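# Inside the fold
The chain contents come next:
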Amino acid sequence: MSNKKPGYYCQECGHFTARWMGRCSGCGAWNTYVEEVVVSPRNHRTVERQVEPRLLIEVPPEDSDRRSTGMTEFDRVLGGGVVPGSLILLGGDPGIGKSTLLLQVAGAIGSAGHRVLYVSGEESPHQIKLRADRLGVNNAELFVYPQTNLEAVEEQVAKVNPLLVVVDSIQTMYIPDITSASGSVSQVRGCTARLMQLAKKQSVSVFVVGHVTKEGMIAGPRVMEHMVDVVLYFEGERHQTFRILRGVKNRFGSTNEIGVFEMSGIGLQEVANPSSFFLMDHAFRNVAGTVVVPTMEGTRPLLVEIQSLVCPTSFGTPRRMTAGVDHNRVALIMAVLEKRLGLMLGNCDAYVNVVGGVRIDEPAADLGIAMALASSFRERAIDGRVVVIGELGLTGEIRPVTALDKRISEAAQLGFGCCIVPRQKGLRDISELETKEVATLTEAFDLVF
Ligand code: TYD
Ligand code: MG
């Protein structure tokens, strides 16, 4: 915090007011005032004096102390486990399964003989107990603590001396010194800063839950991302059972790993082989408008089915709808299909969907999207045993992609027979599966149809 005077500052123009107002009198923006709390400078100085510069080579490595969460999928996303003294944010939509996931982690760490403090500002101990019974979490080292006052939490952490603290959720916590309501930007920021100090001072790992909120006065996890060590997001469609845990920031490892889970009646189960999970309904069907694409999620290949429906527009402007792929990317691919292959898509509605609710944001799926669209437009099925890989250029050329070998091997493992790939150097021969190289959209089109 700064040496500003206490009060409210507009986040847009920095205008100051001693009392909160709905509208900034400086710039006229609504809901932009955020409370600024002043920490007494004396406290700051005592902390700073204790720290001395150290030689980097003398700093001991801490990696060996990582604790397993009891789930390999989770450990992988963290880079091998929970680092002592780290503050980890778990963000996600309400109801997606954040409390469930962290209670399972708390259970696993408790079972390993370490003390865990589960602070809940949302549920009573009875509710937590009910869930714990369902999850089979039952051990002597797990403490539940219904509390929303962060200072009381700090006291209990000092008393209980746990290895892991779970704070569910940051939006329910408050610091008495800050006058604004829990969940406001200043409370969320203030609480996060205090939790960070707590984690570092006591060398305790802290998980904080942050609900993603679309609007309103409740601050979302975004306002704390820069303060914490690790940012994880838990994603998935609420009406579907699979969940993806994604690393967005990690001061102790890479961020390109994901963990895949399935929500069951007894909590979250790890999905060790996500490709076969997402392709469950595909079963090598030959239907128009669908094709399987190997994408990369971090360092792991993932096979997903892309479906498309193209039909004449019945009135007005054509509709273009996508789920799981970028809307603009599909518009671009349709333009290339129209120009390079002469498909008259201009007066057609087009819908593109990735089965299972997965989100693909890499260009290596371009050719797959193009093939699915063309297949639906022509009412011609693509052989169900074919997978398609390639990035599409504006001139209709098919560009090389990364990690081609991994993608092909995954397809081979799942029993696919043929792989359409970009023409690129260093392609290994994989005997179980036939690879066909293409350099342009036209070549790919001639091969498939
Ligand atoms: P929850 O962990 O409470 O979500 P969050 O903390 O992110 O808000 O989980 C909510 C949903 O998970 C709830 O609708 C019920 C479902 N669920 C199961 O399907 N199986 C289970 O074993 C548990 C504990 C929850
Ligand atoms: Mg919850």
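Structural data are supplied above this passage.
Residues numbered from 1 in each chain as written. Chains lettered and ligands numbered in written order. Predicted model: local features only at pLDDT ≥ 70, side-chain atom pairs only at ≥ 80, totals over all residues. Heavy atoms only, no water.

### Side note on the nonpolar core
- Core analysis: the largest hydrophobic core is formed by 49 residues, its most contacted members being Ile 306, Leu 337, Leu 367, Met 371, Leu 373 and Leu 441.
- Of the residues forming this core, the biggest block, seven residues, is contributed by helix H9 (residues 366-378).
- For this core, the two domains that each supply at least three residues are domain 2 (66-272) and domain 3 (277-448).
- Discounting residues that sit within four places of it in the chain, Leu 373 has contacts with Ser 308, Val 310, Val 330, Ile 333, Met 334, Leu 337, Ala 350 and Val 352.
- In terms of nonpolar packing, the next biggest core, distinct from the first, is built from 33 residues, Val 165, Met 196, Ala 199 and Tyr 233 among them. (Core = buried A, V, L, I, M, F, W, Y, C linked by side-chain atoms within 4.5 Å. Buried < 20%, exposed > 50% of the residue type's maximum accessible area, 1.4 Å probe, protein only. Helix = DSSP H or I, 4+ residues; strand = E, 2+ residues; numbered from the N terminus. Domains from an automatic or database assignment. Contact = heavy atoms within 4.5 Å.)

### As for the packing of helix H5 (residues 150-160) against helix H6 (residues 185-202)
- It is at 11 Å that the axes of H5 and H6 come closest, and there the two elements cross at 10°. It follows from the interaxial angle that H5 and H6 lie roughly parallel. Together, Leu 150, Glu 151, Glu 154, Val 157 and Ala 158 of H5 and Cys 191, Arg 194, Leu 195, Leu 198 and Gln 202 of H6 make up the contact between the two elements.
- Among the residues making up the contact of H5 with H6, the classes are represented as six nonpolar, one polar and three charged. (Axes fitted to C-alpha atoms, helices over the stretch in contact; angles between N-to-C directions. Parallel < 35°, antiparallel > 145°, perpendicular 65-115°, else oblique. Nonpolar A, V, L, I, M, F, W, Y, C, P; charged D, E, K, R; others polar.)

### Some remarks on the site of ligand 1
- Neighbouring residues of ligand 1: 16 residues in total, closest Gly 95, Ser 99, Thr 100, Ser 264 and Gly 267.
- Take Arg 134: an N or O atom from its side chain is 3.1 Å from a nitrogen atom of ligand 1.
- The contact in question runs from a nitrogen atom of ligand 1 to an N or O atom on the backbone of Ser 264, over 2.7 Å.
- Sorting the residues of the shell around ligand 1 by element identifies helix H3 (98-111), helix H4 (125-135) and strand S11 (258-264) as the ones contributing at least two each.
- Classifying every residue of the shell around ligand 1 gives five nonpolar, seven polar and four charged. (Near = heavy atom within 4 Å. Polar contact = N/O pair within 3.5 Å; in protein donor to acceptor, adjacent residues only side chain to side chain.)

### As for the pairing of strand S14 (residues 300-312)
- Where strand S13 (residues 290-297) meets S14, eight bridges bridge the pair, whose relative direction is antiparallel. Counted as the bridge partner of Met 296 is Pro 301 from S14.
- Linking S13 back to S14 in an antiparallel pair, the connection comprises two residues, with Gly 298 at a positive phi of about 70°.
- Both S14 and strand S16 (residues 348-354) contribute to a ladder of seven bridges, which runs antiparallel. Residue Ile 306 lies in a different strand from S16, and its bridge partner there is Val 354. (Pairing = 2+ DSSP bridges.)

### A short note on the side chain of Asp 229
- For Asp 229, the position within the fold is in the loop between strand S8 (205-211) and strand S9 (230-235).
- Here Asp 229 falls in the buried class, since its relative accessible area comes to 3%.
- Looking at Asp 229, its side chain comes within polar contact range of the side chain of Lys 200, at 2.7 Å.
- Reaching out from Asp 229, the side chain makes a polar contact with the side chain of Arg 251 at a distance of 2.9 Å.

### A few points about the environment of Arg 19
- Tracing the backbone through its elements, the reader meets Arg 19 in the loop between strand S2 (16-17) and strand S3 (33-36).
- Judged by relative accessible area, Arg 19 falls into the exposed class, the value being 72%.
- Distance from Arg 19 to Asn 328, taken between C-alpha atoms, is 44 Å for residues 309 residues apart in sequence.

### What to know about the side chain of Glu 297
- In this fold, Glu 297 is placed in strand S13.
- Judged by its relative accessible area of 9%, Glu 297 is buried.
- Of the polar contacts made by the side chain of Glu 297, one reaches the side chain of Arg 246; its length is 3.2 Å.

### Examining the sheet that holds S2
- Within the open sheet, the three strands sit side by side as S2-S1-S3. Their pairing is antiparallel. Looking along the sheet, the strands with just one partner apiece sit at the ends: S2 and S3.
- Pairing of strand S1 (residues 7-10) with S2, which is carried by two bridges, proceeds in the antiparallel orientation. Across the sheet, residue Tyr 9 finds its bridge partner in S2, namely Phe 16.

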